[in-house]
Amino acid sequence: MSASHTAPASSTFPAPAPRLAAVTAVDPAAEVLVVGLSKGEEGPSLADLGPLSGGLAADVLARLESVGADGAAATVHRVPAPPELGVASVLAVGLGDAAEPPAEPDDAAAGETEERLRQAAGTAARALDGVEHAVTTLSLRGAGPTAEGFVLGAYRYTAFKSAPGPSPVGRVDLLVPDAGGSDDGVGADPAAQVEHAAAVAAAVVVARDFVNTPPSHLYPAEFADRARALGTATGLDVEVLDEDALAEGGYGGILGVGKGSSRPPRLVRMAHRGGQASGPGVALVGKGVTFDSGGISIKPAAGMENMTSDMGGAAAVVATVVLAAQLGIPLDVTAYVPMAENLPSATAQRPGDVLTQYDGTTVEVINTDAEGRLILADAIARACEDSPAYLIDTATLTGAQMVALGSRTPGVMGTDEFRDRVARISRTVGENGWPMPLSEELRADLDSKVADLANVTNHRWGGMLVAGLFLREFVADGVQWAHLDVAGPAYNTGGPFGYTGKGGTGVPVRTMIAVLEDIAANG
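Residue indices follow the written sequence of each chain, beginning from 1 at its first position. Reporting of local features is limited, given that this is a predicted model, to residues whose pLDDT is at least 70; pairs of side-chain atoms are given and counted only at 80 or more, and all residues count toward the totals for whole chains, interfaces and linings. Calculated side-chain values reflect all of the structure's heavy atoms, with hydrogen atoms and water omitted.

J.: How do you make sense of the overall build of the protein chain when you look at a structure like this?
T.: When its secondary structure is counted, the protein chain shows 13 helices and 21 strands. What the globule rule says is 2.2 Å times the number of residues to the power 0.38, and the radius of gyration is computed from C-alpha atoms. Rg of the C-alpha trace for the protein chain: 24 Å, near the compact-globule value of 24 Å for 523 residues, within the 12% margin. For the C-alpha atoms alone, the extent of the protein chain along its principal axes is close to 80 × 50 × 45 Å. Here the term buried applies to any residue with accessible area under 20% of the maximum for its type, exposed to any over 50%, and partly exposed to those in between, with areas from a 1.4 Å probe on protein chains only. Counting only residues that meet the buried cut, the protein chain has 54% of its 523 residues in that class. Long-range pairs, those at least 24 residues apart, make up 75% of the contacts in the protein chain between residues at least 6 apart in sequence. Computed by Shrake-Rupley with a 1.4 Å probe, the accessible areas treat only the displayed protein chains as cover when residues are assessed. Only carbon and sulfur atoms are counted for the fraction: they give 51% of the accessible area of the protein chain, which is about 20,400 Å². His residues and chain termini do not enter the charge count, which takes Lys and Arg as positive and Asp and Glu as negative. Taken as the charge centre is NZ of Lys, CZ of Arg, CG of Asp or CD of Glu, depending on the residue. Side chains of the protein chain carry 35 positive and 63 negative charges; the gap between the two charge centres is 6 Å. Helix and strand labels come from DSSP, where a helix needs a run of H or I of at least four residues and a strand needs a run of E of at least two; each type is numbered from the N terminus. Should any heavy atoms of two residues lie within 4.5 Å, those residues are counted as being in contact.

Listed below in structure tokens is the structure:
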């Protein structure tokens, strides 16, 4: 590997995160107290008092109102703290309208409450640059989501910055009613909640770092090497197929997409062996196009730099299977991660070419920019040879996903029951997956004149659904399957919001790990 392809010596992988601790009192060394401020008809109110009692709470609230704080969602105001509070300043983050808890809370209501905390903690974290030690009362409402929000909001990718700027907050103490002592699991013990949330957030950070690494420094072989290193360090079984092994194995989709690049493709297999022999196995598949120019069907130049994100699905899958091992999830989880670079050249596949997928299906390539489904098809077909009970694939697959659902809502397709289960879980963890149909009338439009399938239709209707229908052809009968199109949600091209900065978001790591935990608990 040439020196020009190595990451800067100053870079770290993954990016450092704030140190978290569940505590029951304010450490005298803390510099800033972060509080939640709710918006009400009669003015703002402190959401949770914690160390603020009586006149002290009234004093802090008066100081916040004097600078215009009203509790509106995603707003922050910082004021000097009363001397007796023991910190230098108070940072108030708006929680939005104060809402009465529902009479009969359900998963959706709980998920909405937790997401409000996540967003508030992330907003606060982004306002704490340069602070070494903060403490918060937000965690009195939920230690887990607050911890996640702080880690993700503090995330920065500065590997290639010669002057990276102020450091993110170094330590966050999360005030909780009782910081330990329970043996009732994550849900009952705040310290366990914080530990679990920190592990999940760290996996999201790994995925973000992968996505944010430029394609000059993250290409198929390098991506595979990093995945192997992460997996091996966590005790996973890891296998990497290079271009020769792919040719010998008949992976025509992966080879076809990668043949235009001087940097050949890879297929990484990572296996966590945590389940019983009779238990359900789960397969994960993620699209790993390390840069997508569109190939011969080249994309417009404007915005093409964002195609460094076209391996967001693969990044999420690698991070998730590593996290499954770290958490000791009692399931067998096997990830198949195809990696390729889609470039135009004298050796690139052409519109009109026919390739043979891993399972023997022939595909006419009408549009070389519909490449993700070609590498996924090989990986899905291979994954199904392991006879998993469940299969989840995820990809930054179609611009049509953003046309249909916007930039923050993943489309979830697949077998009806599992699709709905995955979408519901996605909403409870704040990643907002939405179930979409696989409209049967569109399937005939994928028929080819010269091959078994075409990779696109001859029209632009239902593009996200068409891609799902194409992938369905490679899912074995009897496998419960969900396909998550995260073309928009995996990469934020706009300004920061909540716990999400510009660039890679790590979606859908939190959805996939929550689904794995749900399968482990409920089958």
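The rest of the description comes next.
J.: Quick question: what am I supposed to make of the nonpolar core here?
T.: Among soluble globular proteins, nonpolar side chains are generally buried collectively. Put simply, buried Ala, Val, Leu, Ile, Met, Phe, Trp, Tyr and Cys residues joined by side-chain atoms within 4.5 Å make one nonpolar core. With 61 residues, the main nonpolar core has Phe-210, Met-270, Leu-284, Val-337, Phe-418 and Leu-516 as its most contacted residues. Per-element tally for this core: the top contributor is helix α8 (residues 312-327), with 11 residues. The contacts of Val-337, once residues within four sequence positions are left out, are Arg-266, Leu-267, Val-268, Gly-286, Ala-314, Val-317 and Val-318. Counting residues in hydrophobic clusters, the runner-up holds 42 residues, among them Ala-283, Leu-355, Leu-374 and Val-466.

J.: Looking at this structure, how should I read the sheet that holds strand β14 (residues 362-364)?
T.: Each pair of strands is called paired provided DSSP finds at least two bridges between the two strands. Within the open sheet, the three strands sit side by side as β13-β14-β18. Their pairing is mixed. In this open sheet, the two strands that pair with only one neighbour each are β13 (354-356) and β18 (453-454).

J.: Hey, could you run me through the environment of Trp-434 in this one?
T.: The topology assignment puts Trp-434 in strand β17 (residues 434-435). A C-alpha to C-alpha distance of 8.6 Å links Trp-434 and Met-413, two positions 21 residues apart in sequence.

J.: What should I look at first to understand helix α12 (residues 463-472) in this one?
T.: Side chains of residues three or four places apart in an α-helix project in the same direction, reflecting 3.6 residues per turn. Counting buried positions along α12 yields eight of 10 residues, so the element is predominantly enclosed. Of all the residues in α12, the buried ones are Met-464, Leu-465, Val-466, Ala-467, Gly-468, Leu-469, Phe-470 and Leu-471.

J.: Can you walk me through the environment of Pro-280 in this structure?
T.: Turning to its location among the elements, Pro-280 is positioned in the loop between β9 (266-273) and β10 (281-286). Sequence-distant contacts of Pro-280, defined by excluding residues within four places in its chain, comprise Leu-331, Asp-332, Ala-389, Tyr-390 and Ile-519.

J.: Would you take a moment to explain the pattern of salt bridges for this structure?
T.: Opposite charge on two side chains lets them pair, provided their charged atoms get close. What makes a salt bridge here is a side-chain nitrogen of Lys or Arg within 4 Å of a carboxyl oxygen of Asp or Glu, nothing more. Overall, the coordinates contain 29 salt bridges when judged by the stated rule. Measuring nitrogen to oxygen at the nearest pair gives 3.2 Å for the salt bridge that ties Glu-371 to Lys-287. Here the residue Glu-371 occupies a position in the loop between β14 and α9 (372-384), and Lys-287 occupies one in the loop between β10 and β11 (288-292), the gap between them amounting to 84 residues. Overall, Lys-287 belongs to the buried group, its relative accessible area being 1%. Sharing partners across several salt bridges, the network here consists of Glu-114, Glu-115, Arg-118, Glu-148, Glu-431 and Arg-510.

J.: What is the right way to look at the packing of aromatic side chains in this model?
T.: Two measures describe an aromatic ring pair: the distance that separates the ring centres and the angle between the ring planes. Any two rings among Phe, Tyr and Trp, with Trp reduced to its six-membered ring, count as a pair given centres within 6.5 Å; such a pair is stacked if its planes are under 30 degrees apart, edge-to-face if over 60, and tilted if neither. Going through the model one piece at a time under the given rule, you end up with five aromatic pairs. Both rings, one in Tyr-157 and one in Phe-160, keep their centres 6.3 Å apart while their planes meet at 40 degrees; by these two values the pair is tilted. A residue is classified by how much of its surface remains accessible, and Tyr-157, at 25% relative accessible area, is partly exposed. Its relative accessible area of 36% is what places Phe-160 among the partly exposed residues. Ring geometry for Tyr-251 and Tyr-358: centres 4.5 Å apart, planes at 25 degrees, overall stacked. Taken together, the positions of Tyr-251 in the loop between α6 (243-249) and α7 (252-258) and Tyr-358 in the loop between β13 and β14 put the pair 107 residues apart, joining distant regions of the chain. The exposure class of Tyr-251 is buried, given its relative accessible area of 5%. The criterion is that NZ of a Lys, or CZ of an Arg, lies within 6 Å of the ring centre and within 35 degrees of the ring normal, and then a charge sits over that ring. Note that Arg-408 overlies the ring of Phe-497, its terminal NZ or CZ placed 3.5 Å from the centroid.

J.: It is not clear to me how the pairing of strand β6 (residues 133-136) should be interpreted in this structure. Could you clarify?
T.: The alternating pattern of β6 places His-133 and Val-135 and Ala-134 and Thr-136 on opposite faces, both of which are buried. Alignment of strand β2 (residues 32-39) against β6, held across three bridges, turns out to be parallel. Each residue of the ladder has a partner; that of Val-32, found in β6, is Ala-134. Pairing of β6 with strand β7 (residues 171-175), which is carried by four bridges, proceeds in the parallel orientation. Counted as the bridge partner of His-133 is Arg-171 from β7.

J.: Looking at this model, I keep getting lost on the confidence of the model for the protein chain. Mind explaining?
T.: The pLDDT score gives, residue by residue, the confidence of the prediction method on a 0 to 100 scale. Residues at a pLDDT of 70 or more form 93% of the protein chain, whose mean pLDDT is 93. By mean pLDDT, helix α2 (residues 107-126) is the weakest element of the protein chain at 90, and strand β19 (residues 480-485) is the strongest at 99. For the stretch residues 1-12, pLDDT sits under 50, and the model shows 16 contacts to residues farther than four places along the chain or on other chains. Low pLDDT (under 50) marks residues 179-186, which in the prediction has 13 contacts with non-local residues, meaning those over four places away or in another chain.

J.: Is there a simple way to think about the side chain of Arg-382 in this case?
T.: As for its position among the elements, Arg-382 is in helix α9. Among the polar contacts listed, one links the side chain of Arg-382 to the side chain of Tyr-336, at a separation of 3.1 Å. Pairs of N or O atoms within 3.5 Å make up the polar contacts considered here, provided that, within protein, one atom can donate a hydrogen while the other can accept it, and that residues adjacent in sequence are counted only when both atoms are side-chain atoms.

J.: Looking at this structure, I do not really get the packing of helix α3 (residues 143-153) against helix α4 (residues 190-212). What am I missing?
T.: Axis angle and axis distance: for two packed helices, these are the angle between their axes and the distance between the axes, and together they describe the pair. Throughout, an axis means a line fitted to C-alpha atoms (over the contacting stretch in the case of helices), and angles, computed between N-to-C directions, take values from 0 to 180 degrees. Here α3 crosses α4 at 30 degrees, and the two axes come no closer than 8 Å. By the criterion of interaxial angle, the relationship of α3 to α4 is roughly parallel. Of the two possible hands of crossing, α3 and α4 adopt the one that is right-handed. Along the contact surface, α3 presents Ala-143, Gly-144, Ala-147, Glu-148, Val-151 and Leu-152, while α4 presents Pro-190, Gln-193, Val-194, Ala-197, Val-200, Ala-201, Val-204, Val-205 and Arg-208. The residue classification treats Ala, Val, Leu, Ile, Met, Phe, Trp, Tyr, Cys and Pro as nonpolar and Asp, Glu, Lys and Arg as charged. All others, Gly included, are polar. Its residues assigned to classes, the contact of α3 with α4 shows 11 nonpolar, two polar and two charged. Oblique is the label for any angle not under 35 degrees, not over 145, and not in the 65 to 115 range, which are roughly parallel, roughly antiparallel and roughly perpendicular in turn. Here a crossing is taken to be left-handed if its near helix is turned anticlockwise relative to the far helix by less than a right angle, and right-handed if that turn runs clockwise.

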